[in-house]
Every structure is written in structure tokens, then in C-alpha cells.
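Descriptive analysis of the structure
Single-letter residue listing:
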Amino acid sequence: MAFLDIRRLRKSYGAAVALGGVDLSVEEGEFITLLGPSGSGKTTLLMSIAGFIKPDEGGIVLAGTDVTDLEPEDRNFGLVFQGYALFPHLSVRDNVAFPLKVRKWEKRAIAERVEAMLALVGLDQLAARKPRELSGGQQQRVALARALAYSPRLLLLDEPLSALDRSLRETMQRELKRLHRETGVTFIFVTHDQEEAYAMSDRIAVFQNGRIVQIGAPRDIYRNPASRFVAGFIGGNNLIRARFSPETGTLSLLGREIAAPQHFDVALHHRDGDVSAWIRSEDIAIGGAEAGFESFDVTVIDRAFIGTGERIAVRTGDDEELALVIPDGAADAVVVGAPLQCRVRPDLIGFLLPD
Amino acid sequence: MTRFQRWALALTVPAAVLAIGLYVFPIFQVLALSFLEPKPGFGNYVSLFGNAAIGRVVRTTIIVSVLTTAITVVLAYVVAFAIVQMPRGRRRVALFLVMVPFWISVLVRAFSWITILRRNGVLNTVLTEAGAISEPLDLVYNQFGVIVGMVHYMMPFAILLLVANLGDIDRRIIQAARSLGAQPATVFWRVWLPLSLPGVSIATLFTIIFSLGFLVTPAILGAGRVLMIAEYLSVQISSTLRWGVATALSTLMLVAVGLLVAGAMRHPAMRAAFGGGRA
Ligand SMILES: Nc1ncnc2c1ncn2[C@@H]1O[C@H](COP(=O)(O)OP(=O)(O)OP(=O)(O)O)[C@@H](O)[C@H]1O
Ligand SMILES: [Mg+2]
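Residues numbered from 1 in each chain as written. Chains lettered and ligands numbered in written order. Predicted model: local features only at pLDDT ≥ 70, side-chain atom pairs only at ≥ 80, totals over all residues. Heavy atoms only, no water.

Thoughts on the overall build of chain A
- Each helix and strand counted, chain A has 8 helices and 20 strands in total.
- A principal-axis box enclosing the C-alpha atoms of chain A has dimensions of 80 × 45 × 35 Å.
- Here chain A holds 355 residues, and the buried ones make up 51% of them.
- A separation of at least 24 residues holds for 65% of the contacts in chain A among residues at least 6 apart in sequence.
- Carbon and sulfur atoms make up 47% of the accessible area of chain A, which amounts to about 16000 Å² in all.
- Charge-centre separation for chain A: the mean point of 41 positive side chains lies 7 Å from the mean point of 49 negative side chains. (Helix = DSSP H or I, 4+ residues; strand = E, 2+ residues; numbered from the N terminus. Buried < 20%, exposed > 50% of the residue type's maximum accessible area, 1.4 Å probe, protein only. Contact = heavy atoms within 4.5 Å. Areas by Shrake-Rupley, 256 points an atom, 1.4 Å probe, with all protein chains shown as cover. Lys, Arg positive; Asp, Glu negative; His and termini not counted. Charge placed at Lys NZ, Arg CZ, Asp CG, Glu CD.)

Here it is as C-alpha cells:
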């Protein structure tokens, strides 16, 4: 049995289904991310785990103990809120000491642990400040130190980095990963930023309309999205429509007729000839045919500098819009409105099960 | 100044004229009278301090006001705390009920308390018939009755002030406390109460200032036996015509309230309540 077992969790608000039967198993020490669009039920699941939301159905088992009916204060989980939720009337030191005082630790033990926690998050110099005298990133660290001070077995984080600017975010991502490594605590982390999810997680659970539609390692999710929704939600994918002709065994896509690649499963991947496929932006290159590639003609509709390179939007002969990412400098010949030739390796085209 | 600001300023003029004409000017008149009646000098003020009757009135006023304020704020806190926990719909009904007394005149409310509290009133009858007491209790025409009436009068104000403050407290901070393992009592004493200090202090200040000037309720429920400053002043002005003493006492009270407010404003919680936001 897994460390944390969530079984058929359901929660509705009137007619609105926030959780539609969620199953999730988390191993001890794992860093798992709940990823999904706004309103897909991530916070509802996290708050159900924390005990603030009572599920209509289903149960939560932690290390063999059913905690479904425990009050939040009795669960001994750490929780970091999006807005930090620090105690405004207490100093940084007293914020971190709060959970320890509540647990009636000895004064000396509290002082020592608070020192250690503040050192861990690099705030030892600011212990006497009030939360409002701290920057967003510093408040975030206090919230982390406070939630980890009593060595909870499980730390729940609801979009803890979404209010921070990009560079601070990356620092805090590293910080969180380090804390995860050093404490060995199980992390359940909510975000709707997929890059953040990729960068931090052992596994990602993708949410759609109150359900987990795919769960797996970041690479698996990126390489093998399970549905059209996941393929579209994971950035950098172009979703395209294709047609399969059983007589010739060919696919018509991108305005071309090509032989169906090896991994195209005739039995699985089409319904009455309609095929959903996806191609990653970085897998499309500019240029004519080469061995192992199929080329196709497009019209350039936009080009945008994105720092590491350029993102070029094109329209294919069969009126699909594609985005491709190419290294900076390789796009000199690209003119908006002009025709262009692109190529792709058929074995990198992904096919989705019909939904 | 933009056109809008000029307009906004113009709109405040009538209120300012009224306030100066009906408020500031009479206050200066009172001040002047206290030094001029019946003859110029500090005579009125000197006589205030030697006067045992006035000493008693001031003492009664302070005792009644402080007790009223303490009871009002504690009870109002309980009610406000319950109201902010209610779901939206029920909260609206509760706030509506809190405001009902505003529509009933002070006089009616005072006389209703008499019917309830007098010796053969509703409460004593019920208690006697239930066998809880053998002799009717003296519940009115004394300090107890006055305080009951004043607390009843002040409760809605204090409740509304506290609901506004408690409703503003970020629920996630409360949830954070619970997630950190704090049991309900700890959450209340360590988080709710400190965070509601601005509201408590403004409700306290408001109630005590209001209580110091109560006239109708103590006059009716005290029936002359619980004499507070306002009633004493009214007697001096309308019956005994000792304007000099009355205006001197009023001036002293104004100064006392002014000092009270000024002192309270030095407290950080109070400054936060007044929108400084820097508790
Ligand atoms: N108290 C509530 N009353 C009614 N509906 C609610 C309530 N809380 C959540 N919902 C609904 O439940 C669904 C899931 O909400 P939830 O907050 O879990 O989404 P989320 O995935 O965390 O979204 P976000 O990324 O925007 O935070 C939403 O459709 C939301 O409108
Ligand atoms: Mg959310």
C-alpha cells in the first residue's frame, strides 16, 4: 500500500462537480505535482487532503490510517497557501515557532528548531521582522519554514510560487527541490505552470474537469500525452487533424499524403478514418526533404523572438496552424506572408486515441 | 484642482456650514458661558471640584459607562463572531435582525425594559411562577436596569463595527493556524483575538464615548436614582438654571473625551482601525 492513498474522492458544489472521483497514490518522499487549468479541481483536492473540505464520497488513507474524518488540526500535514497566510501580528520567529508552541514543545527545543529552520531557508537575519516588512520571496520562505518546522510527513503546496516574478520563481523552485531532498518530506504541489511541473516533480497528475486524466513522470507526459486535452494543455504541441485511408495505408496530413509510420496503430488510432495527431514545435525544421524526413509547404503568418530562438507560426496546405521553434539566426530567410518549406520526421508525429 | 475636485469640495460646503453653525459655534458658546456665568473667572471650575453631588454623578457615570462598555463589547464580540461564521444567506438575516432595534425609538425601548424588569414585570413573574425565586428581584430603577438598557442600546453599533472587522480577517490565516495543529481554543486566543484587536478597540472607544453622554435610558430606567452627567446637566439647565456649573461640567467632559480619544489613537491597534493599516 502506498504512503498516501486517495480513493474515489468526489466533491460537488450544487450542480458543479469539483472532484469527479479522484484516485491517487503517492509514495513516501515523492514530489508529486497536480497540474491543470483553472477550475479543474486542484485546490479542492489539496484542501480535501488537508481536511478543510469534506469530500462527499471516497476516502484518504495515510500510512495505513484512514484520515478522512480527521479535523485539519489533527492531521499533522504542512500546508503552504498561495497568499502565504502568515500571521501578520507575529514576527518571523514567532510565525515559525507557532506550530511548535501549539505542540507544547519545550522553550529551548523551540528556539533551536526555529533557528535551524530559518537557517535552512536563509532567513536567520530577519527573524525579528513582521511579515509585512518582508518581500514576497522572503514571506514565501517563512511560510515554508513554518510548514516544515514540526517535520510533517506530508507538505501540501497550493501554487506557492505563482505570485513571484520569473527569476525569483526559479530560485524558489531550486530552493523547494533542495528542501524536498534535505527533509525527505513528501510534497504535493499544485501549479498550472507546466514548466514548473516538469522542473520539479517526480510525477505529474494532469487534471481536467475534476478528474486526473493522466499521471506519470514529466518525460512520459511530455512524450506520450494520453489525450487530446493533455496534448493541447502541454505547451509546445501542435494538434493536427489527419485522415487515414485503409486501402492505401496512407495518412493525409499537413497537406501531404504520407505512408503511415510504424507506430501508427490502424486498430487504435482512428475512427472512420479521422485521426488526431500532434507534433512538437521543436521537431519541425525549416528546409526541404532529407532522408527520414517528410517535407511540406506552408505560408508564414508570424515570427516572434523568444530569447533562445524564434517561434514561427505557419499555415499548412490543409489550413492547420502550426508553431515551430528554431534556433536564433536560422530564421533569416523567413518572411511573413511568404511561402516556406518545412520538414518533420514521421516517427516523431504522435497519435491520440479518439475521444 | 481639477473640475471634479472643485465640485467635490463645493458639495461639502453645506455640511460644513451646518456643522460650524450648529456644532462648533454652540461649543464655543458653552465654553464662554462656563467662564462668564454668573460672574467672570474660574469660579465654576473651582466649585466643580469641591462639590460632593457632582463627584457622585461623575463616579456613577464612569462606573456605569465602563460596565456598559465591557459587557457590550464582550457580548457583541460573541454575536459578531457567530455572524461572520454564518453562510452568506443566514448572515444577511442575522444582520437584519441586529438592526431591528434601530427602528424603535429609545423611549419605547426603555419603557419595554421596564415592563420586563419591574417587580411585577414579565421576568419576575416567570421566575416566581417557575419557583426559581420567592421574592421578586429589584431589576430596574437601579444601576442594573440602567446598564441593561444601555447595553441593549449599544449592542447593534458594537456588533456592526465588529462584524466589519472580523469579516475582513483573511480566512486563510485561520486555516493556516489550524493546518499548523492549533486546536479551536488556541486558534481563538492566538489568532482571532489578536487580529480583531483593531475592531475591539474601536468598538470599545465608540461605546464608552456614547455611554458617557447617555440621557434618556438612564433617566427612565434609573428613575432619578442613577444620576449620570447628561441627566444632571439637563436638570441644571432646564430646572435649576445653573448655567455656569452646567457649561463648566460639559466643557470638562468634552476635554475628558478628547483626551480619551487622543490617548486611544496612540495605540497601534486603534491607528490600524482608522485605516492606517499599520498595526
Ligand atoms: N466553495 C465553492 N462553491 C462553489 N463552487 C466551488 C467552490 N470551490 C470551488 N468550486 C468550484 O469547483 C471547481 C474546482 O475548483 P478548484 O478551486 O479546485 O480549482 P483549481 O484547479 O484550484 O483552479 P485554480 O487553478 O484557478 O486555482 C471550480 O469549478 C470551482 O468553481
Ligand atoms: Mg486553486
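After that view, the rundown keeps rolling.
Quick notes on the side chain of asparagine 238 of chain A
All names here are of chain A.
- Relative to the helices and strands, asparagine 238 resides in strand S11 (residues 237-245).
- For asparagine 238, a relative accessible area of 6% gives the class buried.
- Ignoring sequence-local partners within four residues, the contact set of asparagine 238 consists of Ala277, Trp278, Ile279, Arg280, Ser281, Ile284, Glu321, Leu322 and Ala323.

Points about the UniProt feature "transmembrane region" (unreviewed entry) in chain B
All names here are of chain B.
- UniProt's entry tags residues 7-36, 56-81, 93-116, 144-167, 188-221 and 241-262 with the feature "transmembrane region" (unreviewed entry), counted in the numbering of this structure.
- Across residues 7-36, helical content stands at 100% and strand content at 0%; the span's end C-alpha atoms are separated by 42 Å.
- Taken end to end, residues 93-116 is 75% helix and 0% strand, and its two terminal C-alpha atoms sit 26 Å from one another. (UniProt positions renumbered as here; feature names shortened; annotations may be inferred.)

Digging into the sheet that holds strand S20 (residues 350-352) of chain A
Residue and element names in this part refer to chain A.
- Read from one edge to the other, the open sheet built from 5 strands follows the order S13-S12-S11-S14-S20, with strand pairing classed as antiparallel. This sheet does not close on itself; its edge strands, each paired only once, are strand S13 (256-259) and S20. Averaged over all pairs of adjacent strands, the angle between strand axes in this sheet comes to 40 degrees, irrespective of strand direction.
- Sheet topology places S11 next to strand S12 (residues 250-253); 3 bridges connect them, and they run antiparallel. Bridge pairing links arginine 243 to serine 252 in S12. (Pairing = 2+ DSSP bridges. Axes fitted to C-alpha atoms, helices over the stretch in contact; angles between N-to-C directions.)

Quick word on the packing of aromatic side chains
- All told, the structure shown has 23 aromatic pairs over all chains when counted by the stated rule.
- Three or more aromatic residues joined by ring pairs make a cluster, and in this case those are Phe102, Tyr153, Phe157, Phe206, Phe210 and Phe214 of chain B.
- Stacked on the ring of tyrosine 150 of chain A, the Lys or Arg arginine 103 of chain A has its end atom at 3.9 Å from the ring centre.
- A cation over a ring is seen here: arginine 343 of chain A above phenylalanine 293 of chain A, with NZ or CZ 5.1 Å from the ring centre. (Phe/Tyr/Trp six-rings, centres within 6.5 Å; stacked < 30°, edge-to-face > 60°. Lys NZ or Arg CZ within 6 Å of the ring centre and 35° of its normal.)

What to know about the pairing of strand S1 (residues 4-13) of chain A
All names here are of chain A.
- Bridge count for S1 against strand S4 (residues 57-62) is 5 bridges, and the pairing is antiparallel. By the bridge assignment, isoleucine 6 is partnered in S4 with isoleucine 60.
- Here S1 folds back onto strand S2 (residues 16-26), and the loop between the two strands holds 2 residues, one of which, glycine 14, carries a positive phi near 60 degrees.

Re the environment of glutamine 175 of chain B
- Topologically, glutamine 175 of chain B is positioned in helix H8 (residues 171-179).
- We classify glutamine 175 of chain B as partly exposed; its relative accessible area is 23%.
- When the C-alpha positions of glutamine 175 of chain B and valine 187 of chain B are compared, they lie 9.2 Å apart, and in sequence the two are 12 residues distant.
- Not counting the four nearest positions on each side in its chain, glutamine 175 of chain B is found in contact with Met47, Phe52 and Phe81 of chain A.

A few points about the UniProt feature "domain: ABC transmembrane type-1" (unreviewed entry) in chain B
- In the numbering used here, UniProt assigns the feature "domain: ABC transmembrane type-1" (unreviewed entry) to residues 58-264 of chain B.
- Secondary structure content for residues 58-264 of chain B is 78% helix and 0% strand, and the end C-alpha separation is 21 Å.

Here we look at the confidence of the model for chain B
- Predicted confidence across chain B gives a mean pLDDT of 90, with 98% of residues reaching 70 or more.
- Interface confidence in the predicted complex, given as ipTM, is 0.81; pTM for the same model is 0.81. (pLDDT = per-residue confidence, 0-100.)

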